Amino acid sequence: MDNKPPSNPPSNGADERTIVLVGLMGAGKSSIGRRLAKHLGIRFIDADDEIEKAAGLSIDDIFEIYGEDEFRSGERRVILRILDEGPCVLATGGGAFMDTNVRDIIKKNAVSVWLKVDLDTLLERTSRRGGRPLLKTGDPAKVLGKLMDERYPVYATADITIESGNDTLDKMVSKIANALEGQKN
Ligand code: S3P
């Protein structure tokens, strides 16, 4: 992960705002975020990676050893710290935006972008990578479906919603960049 400030000044109208990507597991927040940051010439930060670094443990192990509540406190601390550190593209874990504190700070200090994805796509993508404690037990379709019911109304309060079906990464980046431009006016 590259946390260094960009060595070249942004060439495309520099975005001074932190852009926070929200959405369910498998929405593509990290891969799209990394590419978007490059496009905007700002740093990319993955909140889950930062939580793992701060704890010296994997997300799986944090859940296993300390439980979800402890994970959520760590997640909150890490995100508040990142939001205080200057512009970046921040990919958040799927549960982060559900926390009222986190959501309020994001509202005040950043632009939030919800990557809205249908269930089949989420299922297909999450089946390719493990390390997601919430999907370890039960039927992933049911778990994700329930999370969609609970979370989509909250994600819908993000500043920008981007439908993220099977578009290429470049297409997604240009959709988000256009929406961000529109949002400035
Ligand atoms: C979670 C999503 C995960 C990770 C943790 C909990 C959630 O991140 O933060 O497993 O509550 O949806 P991704 O959305 O990046 O997979």
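As a reminder, the structure under discussion sits directly above these lines.
As a starting point, this report considers the structure included with it.

The rules we used
- Each chain carries its own residue numbering, running from 1 in the written order of its sequence.
- Per-residue local features of the predicted model are confined to residues with pLDDT of at least 70, and side-chain atom pairs are confined, for both listing and counting, to 80 or more; whole-chain, interface and lining totals are unaffected and use all residues.
- For the side-chain quantities, the full set of heavy atoms in the structure was used; hydrogens and water were omitted.
- Distances are taken per atom, and a residue is near a molecule or strand as soon as one of its heavy atoms is within 4 Å of it.
- Side-chain atoms alone can form a polar contact between residues adjacent in sequence; in general such a contact is a pair of N or O atoms within 3.5 Å, and within protein one must be able to donate a hydrogen while the other accepts it.
- Surface exposure here means Shrake-Rupley accessible area, sampled with a 1.4 Å probe, where a residue is shielded only by the protein chains that are shown.
- Space inside and on the surface of the protein is sampled on a 1 Å grid over the protein atoms alone, with a cavity defined as a set of points where a 1.4 Å probe fits but cannot get out and a pocket as an open set with protein on both sides within 12 Å along at least 5 of 7 lines; lining residues have an atom within 4 Å of a point.
- Grid points are joined across faces, edges and corners, and a volume is the space filled by probe spheres set on the points.
- Put simply, DSSP marks the helices as runs of H or I at least four residues long and the strands as runs of E at least two long, and each gets a number from the N terminus on.
- Residue polarity follows a fixed list, in which Ala, Val, Leu, Ile, Met, Phe, Trp, Tyr, Cys and Pro are nonpolar, Asp, Glu, Lys and Arg are charged, and the others, Gly among them, are polar.

1. Brief notes about the site of the ligand
Neighbouring the ligand are 13 residues; Lys29, Asp48, Arg72, Arg132 and Arg151 lie closest to it. Side-chain polar atom of Asp48 to an oxygen atom of the ligand: 2.7 Å apart, as the coordinates give it. In this structure, an oxygen atom belonging to the ligand sits 2.7 Å away from a side-chain N or O atom of Arg72. Protein chains shield 96% of the accessible area of the ligand, which is 390 Å² for the free molecule.

2. Focus on the layout of surface pockets
The space that makes up the largest pocket amounts to roughly 770 Å³. Lining the largest pocket are 40 residues; nearest its centre among them are Gly26, Ser30, Asp48, Arg129 and Arg132. Looking at the lining of the largest pocket, the elements that each hand over two or more residues are helix H1 (29-40), helix H2 (47-55), helix H3 (59-66), helix H4 (68-83) and helix H8 (169-184). It is H1 that contributes the most residues to the lining of the largest pocket, 5 residues altogether. When the residues that make up the lining of the largest pocket are grouped by side-chain class, the tally is 11 nonpolar, 14 polar and 15 charged.

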